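Coordinate analysis (summary)
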Amino acid sequence: DGKDTAGTGFATAAVVKGLKACERLVAQSGGQYAVGDTVSIADICIVPQLTNARRFGIKVEEFPHLASLEKRLAELPAFAAAVPERQPDAAA
């Protein structure tokens, strides 16, 4: 609801609002990636937002275009190598 400024409610509401906007834009694009058929800065920015959304317990599957986009991007070597779990300082 966004009213819980002391906890995660505010952040969750802000993330959901942003994902809803991105979902609409990606749906309208009609391309393979966020804004067409070439990977762009939009794709690079959306993937970490989805990771962050999961940390707040947001069900990314409720954003089908974004979830599908994330799966396509995960198949690309640069995106696969960039996931937080594969970073040298990631918790084991």
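All of the points below concern the structure found in this document. This is a predicted model, so every value here is computed, not measured. (Residues numbered from 1 in each chain as written. Predicted model: local features only at pLDDT ≥ 70, side-chain atom pairs only at ≥ 80, totals over all residues. Heavy atoms only, no water.)

1. Things to note about a nonpolar patch on the surface
Among the surface-exposed residues, Val39, Ile41 and Ile44 lie close enough to one another that they form a single nonpolar patch of about 270 Å² accessible area. As for its position among the elements, Ile41 is in helix H2 (residues 41-55). Residue class for Ile41 comes out exposed when judged on its relative accessible area of 59%. (Patch = residues over 30% accessible without salt bridge, like charges linked within 9 Å, V, L, I, M, F, W, Y side chains within 5 Å. Areas by Shrake-Rupley, 256 points an atom, 1.4 Å probe, with all protein chains shown as cover. Salt bridge = Lys/Arg side-chain N within 4 Å of Asp/Glu carboxyl O. Helix = DSSP H or I, 4+ residues; strand = E, 2+ residues; numbered from the N terminus. Buried < 20%, exposed > 50% of the residue type's maximum accessible area, 1.4 Å probe, protein only.)

2. Let's talk about the packing of H2 against helix H3 (residues 64-74)
Orientation of H2 relative to H3, taken along the N-to-C sense of each, is 115°, at an axis distance of 10 Å. One way to sum up the angle between H2 and H3 is to call them roughly perpendicular. H3 is crossed by H2, and the crossing has left-handed handedness. Facing H2, whose interface residues are Asp43, Ile46, Val47, Leu50 and Arg54, H3 presents Leu66, Leu69, Glu70 and Leu73. Considered class by class, the residues forming the contact of H2 with H3 number six nonpolar, no polar and three charged. (Axes fitted to C-alpha atoms, helices over the stretch in contact; angles between N-to-C directions. Parallel < 35°, antiparallel > 145°, perpendicular 65-115°, else oblique. Left-handed = near helix turned anticlockwise from the far one by under 90°. Contact = heavy atoms within 4.5 Å. Nonpolar A, V, L, I, M, F, W, Y, C, P; charged D, E, K, R; others polar.)

3. Quick word on the nonpolar core
Counting 17 residues, the largest nonpolar core has Leu19, Ile46, Leu66 and Leu69 as the members making the most contacts within it. Those elements that place two or more of their residues in this core are helix H1 (9-29), H2 and H3. In this view, Leu66 contacts Leu19, Cys22, Glu23, Val26, Ile46 and Leu50; residues no more than four positions away in its chain are not counted. (Core = buried A, V, L, I, M, F, W, Y, C linked by side-chain atoms within 4.5 Å.)

4. Here's the deal with H1
Taking 1.5 Å of rise per residue, the 21 residues of H1 would be expected to cover 30 Å, and the 30 Å separating its terminal C-alpha atoms lies within 8% of that figure. Of the residues making up H1, those classed as buried are Gly9, Val15, Leu19, Glu23 and Val26. Along the axis of H1, the buried positions cluster into a sector of 115°, meaning they face one direction only. Of the exposed residues in H1, the ones pointing more than 90 degrees away from its buried face are Lys17, Arg24, Leu25 and Gln28. For H1, the secondary structure elements touched by its buried residues are H2 and H3. (Expected span 1.5 Å × (residues − 1). Arc of directions from axis to C-beta.)

None of the figures reported here should be taken as evidence of function without further support.
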